[in-house]
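# Descriptive analysis of the structure
Residue strings, one per chain:
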Amino acid sequence: MKTLKLWFVVLLTSQFIGAAIAWATDIFIFKISVAALGTVILLIAYAHKLPKALDVWVVIIAFVCSMIGDYFLSHMHGDTTFFILGISLYLLAHIGYLTFSLLNGTLRWKSSIALTVVFLIFFYLALYPTLDDKTLAFMVLFYLIVSCVSLGAALGLKLEPTIKWPYVIGIALILFSDTIISFTEFIHYDALNFLILPTYYLAQIGITIALYLKRTEAKALPEN
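Residues numbered from 1 in each chain as written. Predicted model: local features only at pLDDT ≥ 70, side-chain atom pairs only at ≥ 80, totals over all residues. Heavy atoms only, no water.

### As for unusual backbone geometry
So the rule is basically this: Counting from the N terminus, the helices are DSSP H or I runs at least four residues long and the strands are E runs at least two residues long.
Although it is not a glycine, Asp26 adopts a positive phi angle of roughly 65°. For His188, which is not a glycine, the phi torsion comes out positive at approximately 60°. With respect to the secondary-structure elements, His188 resides in the loop between helix 8 (161-187) and helix 9 (196-220).

Set out below in structure tokens:
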């Protein structure tokens with residue numbers, strides 16, 4: 001692995017600082033700072049290869065969708081429409097992460113099916129009885145399935161371990177954070193709420209690190 005660039009270290013540190021401030025203050029601009037800085041890092045790291053870097057673009061789009069989704073969830077104030085818009089944008093973000101994995105590996109079917117079965121049981125036993133809005137119920141179910149498949153695809157990445165595992169951990173943390181959100185929104189269990197933001201921000205930081213390392217590892221490979 002090449003030595004980390006100073007600009008990357010500065011922006012990565014800024015991600016951690018932004019995450020800490022967001023967790024402590026709940027100020028919206030800091031809540032989107034981690035994804036925004038992740039986007040900046042990827043745009044700089046892949047500046048000369050963006051036209052051909054489809055896998056990077058889908059993650060950048062995922063970060064942007066996450067930021068817009070953050071806006072709707074941060075301003076919903078009990079509005080179901082804002083909640084649906086928020087999770088719809090998070091769903092698009094997950095599709096972006098899933099696409100990155102499929103462009104750089106293969107789907108782990110057994111892992112995806114096992115995860116999906118576990119979360120389907122959770123959905124039908126714990127979440128579905130609380131969902132009177134059928135549109136919302138469908139969105140939550142579809143989101144759940146895509147999230148599980150996204151993690152299964154991340155496990156199938158054919159990249160160096162230093163790249164693969166930060167990405168896998170990032171996707172797993174998003175699934176964990178979303179699960180806690182479902183506890184809060186639908187089951188009204190909030191004892192784990194303190195973990196929602198730290199795991200969400202660490203997920204975005206992990207994904208950023210993975211893609212940055214993918215670029216630096218690619219540079220290190222000898223030309224054919």
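Still more ground to cover, so stick around.
### Overview of the packing of aromatic side chains
Inclusion rule: Put simply, two rings from Phe, Tyr or Trp (the six-membered ring, in Trp's case) pair if the centres are within 6.5 Å, and we call them stacked under 30 degrees between planes, edge-to-face over 60, tilted for the rest. Burial status follows relative accessibility: with a 1.4 Å probe on protein chains alone, a residue under 20% of its type maximum counts as buried, one over 50% as exposed, and anything between as partly exposed.
Summed over the entire model, instances satisfying the criterion amount to 18 aromatic pairs. Each ring, one from Phe8 and one from Tyr212, has its centre 3.7 Å from the other, and the planes form 5°; the classification is stacked. With Phe8 in helix 1 (residues 6-25) and Tyr212 in helix 9, the pair connects residues that are 204 residues apart, well separated along the chain. Using a relative accessible area of 2% as the deciding quantity, one classes Phe8 as buried. Measuring from centroid to centroid gives 5.7 Å for Phe83 and Phe186, while their planes differ by 85°, and the two rings are edge-to-face.

### Section: the pattern of salt bridges
To keep it simple, the criterion reads: We define a salt bridge as a contact between a side-chain nitrogen of Lys or Arg and a carboxyl oxygen of Asp or Glu at a distance within 4 Å.
Applying the stated rule across the entire model yields two salt bridges. One salt bridge connects Asp26 with Lys31, and the closest N-O pair in it is separated by 3.3 Å. On the basis of relative accessibility, which here comes to 13%, the residue Lys31 falls in the buried class. A salt bridge links Asp55 to Lys214; the shortest N-O distance between them is 2.9 Å. With Asp55 in helix 4 (residues 54-74) and Lys214 in helix 9, this pair connects stretches of sequence that are 159 residues apart. In this structure, Asp55 and Lys214 share a single accessibility class: buried.

### Digging into helix 8
Note the cut-off: What a helix is expected to span follows from its residue count: subtract one and scale by 1.5 Å.
Between its terminal C-alpha atoms helix 8 stretches 37 Å, which fits the 39 Å expected from 27 residues at 1.5 Å a residue. His188 occupies a position one or two residues after helix 8 and carries a positive phi of about 60°.

### Structural notes on the nonpolar core
Put simply, the rule reads: Joining through side-chain atoms within 4.5 Å is the link that ties buried Ala, Val, Leu, Ile, Met, Phe, Trp, Tyr and Cys residues into a set, and such a set is a nonpolar core. We call two residues in contact when some of their heavy atoms are within 4.5 Å.
Counting residues in each nonpolar core, the largest one holds 70 residues, and the members touching the most others are Val59, Tyr97, Tyr167, Ile207 and Leu211. Element by element, the count of residues in this core is highest for helix 7 (residues 134-155), at 12 residues. Residue contacts for Val59: discarding those within four places in its chain leaves Leu42, Tyr97, Phe100, Tyr167, Ile207 and Leu211.

### Focus on the packing of helix 6 (residues 109-127) against helix 8
Under the convention used in this document: Interaxial angle, 0 to 180 degrees, is taken between N-to-C directions of lines fitted to C-alpha atoms, where a helix line uses only the stretch in contact. Roughly parallel covers angles under 35 degrees, roughly antiparallel covers those over 145, roughly perpendicular covers 65 to 115, and oblique covers all other angles. What makes a crossing left-handed is the near helix being turned counterclockwise from the far one by less than a right angle; a clockwise turn instead makes it right-handed.
With their axes 12 Å apart at the nearest point, helix 6 and helix 8 run at an angle of 15° to one another. In terms of axis orientation, helix 6 runs roughly parallel to helix 8. The two elements helix 6 and helix 8 cross, and the hand of that crossing is right-handed. Taking contact as the criterion, the partners of Phe119, Phe122, Ala126 and Leu127 in helix 6 are, on helix 8, Leu175, Thr179, Ser182, Phe183, Phe186 and Ile187.

Geometry only, nothing functional implied.
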